There are 2 protein chains.
Amino acid sequence: MIAFSAVVLATASILGLTAAQTFQRLGGCPTLGCVLPPDQADFLAGQYFDIRLEVHAPVNGSEANGGVPDPNFKFTVAKANGSPQSAAAFFKVPEPALERWNFTWYEDLFARDAKTPSVVRVTSKAYRRVALYEPGDYVATLTYYNGTKTTANWNVKPLQQQKKAKNVILFIGDGMTTNMITAARLIAHKSINGKYQSRMQMDQFPVLGHQMTHSLDSYITDSANSASALYTGHKSTVNAMGVYADSSKDPFDDPKVETIVELLTRIWGSAIGVVSTAFIADATPIALTGHTRLRAQYGALIDQSLRGVTNYTWTKYTGADVFFGAGAEQFIPGSGSYQGKDYYTEFANAGYSVSMNKTSMLAAPKNQKALGIFCTSNLPVWLDRNIFKKNLNLTNDPSGNKKAALDLPGLKEMTLKAIDVLHERGGEKGFFMMSEAASVDKQMHTLDYDRALGDLLELDDTVNATIAKLKAMGELENTLIIVTADHGHGFDVFGSADTKYLSSQEDDRDKRGAIGVYEQSGASQYTVTNASISYNTGINFPVNWDPRYTLAQGTGAMPDNRQNFRVHQSPRRPATNITGKPSDDYYVNPKDNPDGFIVNGTLSTDEAQGVHSLTDVPVFAMGPCQELFGGVYNNIDIFFNMANCLGLGRASNATGNWNANGTAPTAVPATGAASDPANRVQRGLWFGMVVFMGSIGWVVYNL
Amino acid sequence: MIAFSAVVLATASILGLTAAQTFQRLGGCPTLGCVLPPDQADFLAGQYFDIRLEVHAPVNGSEANGGVPDPNFKFTVAKANGSPQSAAAFFKVPEPALERWNFTWYEDLFARDAKTPSVVRVTSKAYRRVALYEPGDYVATLTYYNGTKTTANWNVKPLQQQKKAKNVILFIGDGMTTNMITAARLIAHKSINGKYQSRMQMDQFPVLGHQMTHSLDSYITDSANSASALYTGHKSTVNAMGVYADSSKDPFDDPKVETIVELLTRIWGSAIGVVSTAFIADATPIALTGHTRLRAQYGALIDQSLRGVTNYTWTKYTGADVFFGAGAEQFIPGSGSYQGKDYYTEFANAGYSVSMNKTSMLAAPKNQKALGIFCTSNLPVWLDRNIFKKNLNLTNDPSGNKKAALDLPGLKEMTLKAIDVLHERGGEKGFFMMSEAASVDKQMHTLDYDRALGDLLELDDTVNATIAKLKAMGELENTLIIVTADHGHGFDVFGSADTKYLSSQEDDRDKRGAIGVYEQSGASQYTVTNASISYNTGINFPVNWDPRYTLAQGTGAMPDNRQNFRVHQSPRRPATNITGKPSDDYYVNPKDNPDGFIVNGTLSTDEAQGVHSLTDVPVFAMGPCQELFGGVYNNIDIFFNMANCLGLGRASNATGNWNANGTAPTAVPATGAASDPANRVQRGLWFGMVVFMGSIGWVVYNL
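Keep in mind it's a predicted model, so treat the numbers as computed, not measured. (Residues numbered from 1 in each chain as written. Chains lettered and ligands numbered in written order. Predicted model: local features only at pLDDT ≥ 70, side-chain atom pairs only at ≥ 80, totals over all residues. Heavy atoms only, no water.)

**Q** Any details on the overall build of chain A? Residues and values, ideally.
**A** Summing up its helical and strand segments, chain A has 19 helices and 28 strands in all. Here the C-alpha radius of gyration of chain A, 26 Å, is about what a compact globule of 703 residues would show, namely 27 Å. Principal axes of the C-alpha set define a box for chain A whose edges measure 80 × 65 × 50 Å. Classification of the 703 residues of chain A by burial places 67% in the buried group. Within chain A, residue pairs in contact and separated by at least 24 positions form 73% of the contacts whose partners lie at least 6 positions apart. With the model as given, the accessible surface of chain A reaches about 21900 Å², and the carbon-plus-sulfur share is 52%. Side-chain charges of chain A comprise 60 positive and 66 negative groups, with the mean position of each set lying 4 Å from the other. (Helix = DSSP H or I, 4+ residues; strand = E, 2+ residues; numbered from the N terminus. Rg over C-alpha atoms; globule rule 2.2 N^0.38 Å. Buried < 20%, exposed > 50% of the residue type's maximum accessible area, 1.4 Å probe, protein only. Contact = heavy atoms within 4.5 Å. Areas by Shrake-Rupley, 256 points an atom, 1.4 Å probe, with all protein chains shown as cover. Lys, Arg positive; Asp, Glu negative; His and termini not counted. Charge placed at Lys NZ, Arg CZ, Asp CG, Glu CD.)

Okay, structure coming up:
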């Protein structure tokens, strides 16, 4: 941390703050008094949450106010038209202790280049595990600096305590957009004179919606905070999940919000399934139970997924019934696992069957909790598992033995097996499963469009098989199925490329002559049978991945790269650091598409990949409550609609019961104490983190 | 036409044909025997259409078969499980005369570069104005070359004769995608902590769908053939509307399909409104009544819009009740108008009030047909009409007096006035209106994203005002309102740009450092009040179009261009021909964004603009029959759903009646004679066209 005594104080200017955009002092806190959850937050009745208050005293920069944060701020909460009460009285909790810290940030890129950070001193309090039980409007008011006020208008949604769906399956195509679905349909489904002869499963869903994916404090989101919005009804900040990001250093003390998995476990005791083709500590799967501002805390997040939050009083959680994915790094004892422990053993000791390949997974007992970790890193994508199998020759065995993991399940096998376990273990209490096609996003990042579309088609094939299975089980009518995404990439197809012509031309400009637009795009050649090619991958996938005439496709956001529009026999790496500069400085990867033409990038040169985009993403729904998912809405509404359909709202501090339609048999402790003195898991981690946290403050936090 | 005797014959190879993509012998005809409407065509019961048969004899190239087309081909039609009858017997029409012609095309880019076209000789027949009245499946079979068969499976949709919606308003945002709506929302609607404080009108529609926009024979469409799909239920070929494209030279002899406007006029006599911000002869407005393979036949299409088809027997049409837009070139007597005539006078003689500015339009009588042509070319966009008004200083007065047209209506004024006239004139028979925001597309083509989003917001504002007006008139519940697009552009927003920082850097790579992604995108600065700026453009539009932090936005398909991410004070022209080569060869326009960084293009260097993309586009629906528009479907289904809701299907050869729910009071002539001997309008035109048709055949046809 830079000593603030060394920083020159600047004139205070509230107006100057509006320039802050590239960097922010604190997301969700445009003024110097911060209330988290912030203004406009929505809550499920009875949903647990923490409150964090901060008063900021900028030492320098456009907001500088003398650098002495108010230690005597007041905080009140009032029901609409009611009298404000102190929060301690309102929630019947002890007044928390005052905390203090400092942090730094840059006001803009000029300040960053000049290495002139703004320093902010902070006073703060946190109220832990409170809830609002009565639907309606509330006003939370922070008063500081002799009468300055920050007001947060909160709304508790109308109460829905009846469980209308026994099961909910939430499929997430990470980064999947309508544009990608359109492209995937084109390469996989045969069309005659403009009429498709087979249909994608998603296209057959009765209800379509669009969700807005932007975060609390930036209009482009990442997968942590968008997943968290879907699971909690609260938007947050990039890299955060299950919390609103505060400005303290500890990534595990940020104010939490309860997730749908925690609610469902607490209220109905339903079975929980987590399935992903990513490493399972990745944002989309782990945000179901994770509470941290830093998604990169992989090891600790795996511990949270097994034991729940342990550093503060929170709802009890003892692990999902099914946990299938990749990312053995967090399970093999060592630098990647939490406290160096063997998490295969930790899970086994908690009663899990442990599978490390498809054969074992398929044989796992249905009545036992199931962990399946099938390789290190992410699961190899569908295209490599089914077409370019030489790419499976890796050192990714989940045991850590440096051999190749070859007995791999795909998303479909994991999902169908998960349903068997969840159906058995959930019984009449039903189940909730999130199943993620993670590499739609991961391959879009590397501009490897074919690999992304392959995994999108695998998702569609999985949804298709899931519906068939549920129907055979007699559970289809009891199950709300949602297929959606968490954000997009700005991808689209704009024509065809004659790859033979492109490759034959010498000059970059001549190569571009291979691209046919409008009527010259012609018909999809991916669905034309080629006698020399047979993948045996079924009707929902292309019959030829490498035709002469391919899709001309791309995105507006990209690093420098070279395009030839052919399928990449090996996974793509479009840009590399070839200058040897110490900082990242990415140019075209000389080994990528050597017969293609170069397009210089549209992103900062320290970006080696494409990035997420703004677009609303589609929501397909079928089953009980499907009617809630039509039209256009915010991503948090998906949480509220699922919670509504599952009857998770509560008018009092008690759990529910599946058979009693909302009566509350089991009392749980009232609003919690401020801080658990044991505080063991994350405190240890936080002290361990100081080492690499460095001194430049805010920027470092956002790993 | 190249003499085919000079061309070397190649070995016949049916397999070789599958390579044809950049160029096609004939869309909708993959074999040498062509049936149009082709296999998989759907029909409304009672919808008029023509049939075109062709037998191709390639002289050279991969399909060469000796070059003698069969003059004795047979054509039969059978109802499912029925006996095939000759078409003449089936439709009770005379057997048409045999036609013959030749055409040429290129099999691929190598053949084009080598200047070795393939020559095809053709025998053909056309059956004019027939219809299928009985719902169900039909098989049409062309037999040629001693037993070779081309089979077309046709389907007539289930009969719906009852009128469920009195009025239908179809709003088309040309080229508008979900991604653009998301971006427009971000710049126009204020958000606090991720929750929008006002909503777009589209976002409030109860039903959302996606339509697939691909054409009959290419997966990227243009606005002619996509509009035609929406209006007729038949996909066609790029540049074609209201017809299936055949291979003959005459752009007005292609087989026609009846449009929703023609059906509605014939069956119910409802009032018809056509409103567009484009020149009114542009594809989207004119395809409501146009029947041609070549959308660029602007003058003739204006004549068709007033008098209907006159070269063949077809349904009678005497002009829309409202016709508001731009494009005075086709009305001022001269080179742009049909046969050099004064179309203001032609319309006035047909009973139209004629307005050439907003004041006159607003004063036009409600009970009279209304023509309003407000300028030459396209209407200046919303951004120029409201913010950058200096750009209105043009020579675009609709009188042709070379002065500036300054008394201009916007889409909203035109649409609301149109409703007044249509409501008055339609009376109990109701009305159908198409209202188009044309420049969403036109400005996306020039990568002028702000202008595109401005016109998208104008569309949304127009829809909002339309709903309010219909409500006030008591017509809202009688009116099906659809808001959709005809195709997309691969646009998205991927972050923010610090335009001050970008402009301050010298090096192109350093400039890219201004782009903030993920958390560095921050919040929209377009909605932040700036005291020095007041546009008075209302809550549905940005309060600042030129903030320091702008949207970093782009598309995957682009010519060479320079990006600075700022609003363009003047309309943008990203690429220019600076080399002086005779052929088009586009580089970065040196005058465009001189402080920006260069991105080389991803399109052929003869493209000066961006191009259309593949993505499905959204459909928003409210009102009677709204439930038909949820989920994912083909663009032609929008026609069938509208026709269903309007009760336009007919089980026999008679018109319907609004009051009688499908009974048929007025008989019209049965299926028509083959060819109108008068044939006056388009024949004249066709002979006039030979002059510039040149000798290279097919490529020339697709202007």
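**Q** An account of the relation of the copies chain A and chain B is requested, with residue identities and associated values reported.
**A** Copies of the same chain, two in number, are related to each other by a rotation about an axis and a translation along it. Rotating chain A by 180° about the axis while translating it 0.0 Å along that axis superimposes it on chain B, leaving an RMSD of 0.0 Å. Taken together, the rotation angle and the small translation identify this as a two-fold axis. The position closest to the rotation axis in chain A is occupied by the C-alpha of Gly 556 of chain A, lying 2.2 Å away. Most of the interface of chain A is mirrored in chain B, where 100% of its interface residues are also at the interface. (Least-squares fit on C-alpha atoms with pLDDT ≥ 70 in both.)

**Q** So what's going on with helix H17 (residues 635-645) of chain A? Residues and values would help.
**A** Structurally, the α-helix is built with 3.6 residues per turn, so residues lying three or four positions apart point the same way. Residue and element names in this part refer to chain A. With 11 of 11 residues buried, H17 lies mostly within the body of the structure. Within the sequence span of H17, burial applies to Asn 635, Ile 636, Asp 637, Ile 638, Phe 639, Phe 640, Asn 641, Met 642, Ala 643, Asn 644 and Cys 645. Taken from the residues just after H17, Gly 647 is the one with a positive phi, measuring 60°.

**Q** Go over the interface of chain A and chain B with me, naming the residues and quoting the values.
**A** Contact with chain A, which involves 113 residues of that partner, is made by 113 residues of chain B. Roughly 9200 Å² is buried in total at the junction of chain A and chain B, and carbon and sulfur atoms are behind 54% of that figure. Of all residues in chain A, Tyr 219, Arg 509 and Tyr 518 of chain A give up the largest surface area on contact with chain B, accounting jointly for 9% of the area buried on that side. Summed over the shared surface of chain A and chain B, the result is 12 salt bridges. Between Asp 108 of chain A and Arg 548 of chain B there is a salt bridge whose closest N-O contact spans 2.9 Å. Taken together, the links from chain A to chain B amount to 68 residue pairs in polar contact (both at pLDDT 80 or more). The residue makeup of the side of chain A that touches chain B, split by class, is 42 nonpolar, 47 polar and 24 charged. (Buried area = accessible area lost by both parts, 1.4 Å probe. Salt bridge = Lys/Arg side-chain N within 4 Å of Asp/Glu carboxyl O. Polar contact = N/O pair within 3.5 Å; in protein donor to acceptor, adjacent residues only side chain to side chain. Nonpolar A, V, L, I, M, F, W, Y, C, P; charged D, E, K, R; others polar.)

**Q** A description of the state of the cysteines should follow, citing residues and the corresponding values.
**A** Linking two cysteines covalently via their sulfur atoms produces the bond known as a disulfide. All names here are of chain A. On inspection of all chains with the given rule, the structure shows 4 disulfides over all chains. Paired by a disulfide, Cys 625 and Cys 645 hold their sulfur atoms 2.1 Å apart. Residues Cys 625 and Cys 645 share a disulfide whose torsion about the S-S bond is about 90°; that sign makes it right-handed. You can see Cys 625 sitting in the loop between strand S27 (617-622) and strand S28 (631-634) and its partner Cys 645 sitting in helix H17, a full 20 residues away along the chain. Across the pair, Cys 645 and Cys 625 agree in class, each one buried. Along chain A, the cysteines that take part in disulfide bonds pair up as 1-2, 3-4, counted in sequence order. (Disulfide = S-S within 2.5 Å.)

**Q** Break down the side chain of Ser 226 of chain B for me, with residues and values.
**A** Relative to the assigned elements, Ser 226 of chain B resides in helix H4 (residues 223-232). Excluding its chain neighbours within four sequence positions, the residues that come into contact with Ser 226 of chain B are Thr 221, Asp 486, His 487 and Asn 635 of chain B.

**Q** Go over the confidence of the model for chain A with me, naming the residues and quoting the values.
**A** Looking at chain A as a whole, the pLDDT averages 90, with 90% of positions reaching at least 70. The model gives residues 656-703 of chain A a pLDDT under 50, and that stretch makes 119 contacts with residues more than four places away or in other chains. (pLDDT = per-residue confidence, 0-100.)

**Q** Describe the UniProt feature "binding site: Mg(2+)" (unreviewed entry) in chain A, with residues and values.
**A** Residues and elements named next belong to chain A. Taken from the UniProt record, the annotation "binding site: Mg(2+)" (unreviewed entry) applies to Asp 174, Asp 282, Thr 284 and Glu 436. In terms of the greatest pairwise C-alpha distance, the residues named above, spread along 263 residues, form a tight cluster of at most 11.3 Å across. Under the relative-accessibility criterion, Asp 174 is labelled buried at 3%. If sequence neighbours within four positions are ignored, Asp 174 has contacts with Ser 223, Thr 284, Glu 436, Ala 437, Ala 438, Val 440, Asp 441, Asp 486 and His 487. Position of Thr 284 among the secondary structure elements: in helix H7 (residues 283-286). The exposure class assigned to Thr 284 is buried, which follows from its relative accessible area of 1%. In this structure, Thr 284 is in contact with Ile 172, Asp 174, Ser 223, Ala 227, Tyr 231, Met 434, Glu 436 and Asp 486, ignoring residues within four places of it in sequence. (UniProt positions renumbered as here; feature names shortened; annotations may be inferred.)

**Q** Break down the pattern of salt bridges for me, citing the residues and quoting the values.
**A** Counted by the stated rule, this structure contains 70 salt bridges over all chains. The shortest N-O distance in the salt bridge between Arg 25 of chain A and Glu 63 of chain A comes to 2.8 Å. Placement of Arg 25 of chain A in the loop between helix H1 (14-17) and strand S1 (33-36) and of Glu 63 of chain A in the loop between strand S3 (49-58) and strand S4 (74-79) is noted, with a sequence separation of 38 residues between them. By relative accessible area, Arg 25 of chain A is classed as buried at 2%. Among the ionic pairs, Asp 461 of chain B bridges to Lys 412 of chain B, the shortest N-O distance being 2.9 Å. In this pair, Asp 461 of chain B sits in helix H13 (residues 449-473) while Lys 412 of chain B sits in helix H11 (residues 411-426), placing the two residues 49 residues apart along the sequence. Under the relative-accessibility criterion, Asp 461 of chain B is labelled buried at 12%.

**Q** If you had to explain a negative patch on the surface to someone new, which residues and values would you point to?
**A** Residues and elements named next belong to chain B. Residues Glu 506, Asp 507, Asp 508 and Asp 510 make up a contiguous surface patch of negative charge. Within the secondary structure, Glu 506 is located in the loop between helix H14 (499-504) and helix H15 (508-511). A residue is classified by how much of its surface remains accessible, and Glu 506, at 76% relative accessible area, is exposed. (Patch = residues over 30% accessible without salt bridge, like charges linked within 9 Å, V, L, I, M, F, W, Y side chains within 5 Å.)

**Q** Which residues make up the sheet that holds strand S8 (residues 136-144) of chain A, and what values do they have?
**A** All names here are of chain A. Strand order in the open sheet formed by 5 strands is S2-S9-S8-S4-S5, and the pairing between neighbours is mixed. Single-partner strands in this sheet number two, and they are strand S2 (42-43) and strand S5 (85-86). Alignment of S2 against strand S9 (residues 148-156), held across 2 bridges, turns out to be parallel. By the bridge assignment, Asp 42 is partnered in S9 with Asn 155. (Pairing = 2+ DSSP bridges.)

**Q** Tell me about the pairing of strand S14 (residues 271-279) of chain A, and please be specific about residues and values.
**A** Two faces belong to every sheet, and in a regular strand the side chains alternate between them. Residue and element names in this part refer to chain A. With 9 of 9 residues buried, S14 lies mostly within the body of the structure. Pairing of S14 with strand S18 (residues 431-437), which is carried by 6 bridges, proceeds in the parallel orientation. The partner of Ser 276 across the bridge, within S18, is Glu 436. As defined by bridge partners, S14 adjoins strand S15 (residues 322-326) across 4 bridges and the pair is classed as parallel. Looking at S15, one finds that Val 275 is bridged to Phe 324.

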